[in-house]
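Here's the letter readout for the chains.
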Amino acid sequence: MNGFTLITSIVPHPDGEQICQTANKAGAAGGTILMGTGTATSFLAAALGLGDTQKDIVYQIVPSQIKSQIIDSIRESCLNRKHYGILFTTTVSSFTKTASTLKGDIPMEKASTHKIITVILNKGFAYDAMAAARKAGAAGGTILGGKGTAKEDDAKFFGVPIVPEKDILLILAENEKTDSIINQIKSLSCLSEKGSGIIYTSDAADFTLLGK
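All of these numbers come straight from a predicted model, not from anything done at the bench.

Caption draft 1: Layout of the environment of L188. Looking at the element boundaries, L188 is found in the loop between helix 6 (175-186) and strand 10 (197-210). Between the C-alpha atom of L188 and that of A132, which follows or precedes it by 56 residues, the distance is 7.7 Å. In this structure L188 touches D128, A129 and A132, once residues within four positions along its chain are discounted.

Okay, here's the thing in structure tokens:
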């Protein structure tokens, strides 16, 4: 059985719906759109589609065998847009839909040149994390709002203050810069306390600039 791929597109708000429609015509079956805030301040970051504006983050899980045709359709739909956004993919090992879990072979991908660094930390500190990341060469990122799921009793049991509101910072970075960026973020005082945040990375394949 073939595997599945998560296609992530980051484009200006409210264009996420247009990206979904384009992908659906090429064979995708729906998607999820989240709204975030870009943090870029340079021309290079703008070229990566991550300027200081509202962004739509579009997630679509598709069969890996039609991944390329969907990516091509999205890219072609954005050809006339300047510094429009970015697209990348990650491998999905299983996919559950309507009470059925589908598992397939994980396709052999060529070595990725970029990683997605995900930082989840207490609300209000994402810009501090982004400023630290820039010192290590990060061009920009996208901030999403979130909420923790810990119970009130957990704070008493673990002795850690629970802050329900969270910031999720997504940074697309070249492989060679990833460790430096993570180390810069880890050095922040707001992450020095136990339970104050987590950082993880995932390979970002098929990195594509959308627009001209």
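Caption draft 2: Quick peek at the environment of G137. Its place among the elements puts G137 in the loop between helix 4 (126-135) and strand 8 (142-147). Under the relative-accessibility criterion, G137 is labelled partly exposed at 32%. Between the alpha carbons of G137 and T178 there is a distance of 9.1 Å; along the sequence they are 41 residues apart.

Caption draft 3: Spatial organisation of the sheet that holds strand 2 (residues 32-38). A barrel is described by the order of its strands in space; here 8 strands give the closed sequence 1-3-2-8-9-7-10-4, paired in antiparallel fashion. The sheet shows a mean angle of 35 degrees between the axes of neighbouring strands, direction not considered. Where strand 1 (residues 4-12) and strand 3 (residues 54-63) come together, 9 bridges link them in antiparallel fashion. Its bridge partner being in strand 3, V11 is matched across the sheet by D56. Across the sheet, helix 1 (residues 16-25) touches strand 1, strand 2 and strand 3, and the angle it forms with strand 3 is around 20 degrees. Packed onto the sheet, helix 6 meets strand 7 (114-122), strand 9 (165-174) and strand 10 and runs at close to 150 degrees relative to strand 9.

Caption draft 4: View of helix 1. For helix 1, every residue scored as buried is listed here: G16, I19, C20, T22 and A23. Angularly, the buried residues of helix 1 cover 165 degrees about the axis, an arc narrow enough to put them on a single face. The elements touched by buried residues of helix 1 are strand 1, strand 2, strand 3 and helix 3 (67-77). Just beyond helix 1, the residue with positive phi is G27, at close to 125 degrees.

Caption draft 5: Structural context of the packing of helix 1 against helix 3. Interhelical geometry of helix 1 versus helix 3 gives an angle of 135 degrees and a closest axis separation of 9 Å. Here helix 1 lies oblique to helix 3, going by the angle between them. With respect to the hand of their crossing, helix 1 and helix 3 are arranged in right-handed fashion. Seen from helix 1, the contacting residues are Q18, I19, T22 and A23; seen from helix 3, they are I70, S73, I74 and S77. Here the residues of the contact of helix 1 with helix 3 are counted per class, giving 4 nonpolar, 4 polar and no charged.

The rules we used
Residues numbered from 1 in each chain as written. Predicted model: local features only at pLDDT ≥ 70, side-chain atom pairs only at ≥ 80, totals over all residues. Heavy atoms only, no water. Helix = DSSP H or I, 4+ residues; strand = E, 2+ residues; numbered from the N terminus. Contact = heavy atoms within 4.5 Å. Buried < 20%, exposed > 50% of the residue type's maximum accessible area, 1.4 Å probe, protein only. Pairing = 2+ DSSP bridges. Axes fitted to C-alpha atoms, helices over the stretch in contact; angles between N-to-C directions. Arc of directions from axis to C-beta. Parallel < 35°, antiparallel > 145°, perpendicular 65-115°, else oblique. Left-handed = near helix turned anticlockwise from the far one by under 90°. Nonpolar A, V, L, I, M, F, W, Y, C, P; charged D, E, K, R; others polar.

These figures come from the coordinates and say nothing about function on their own.
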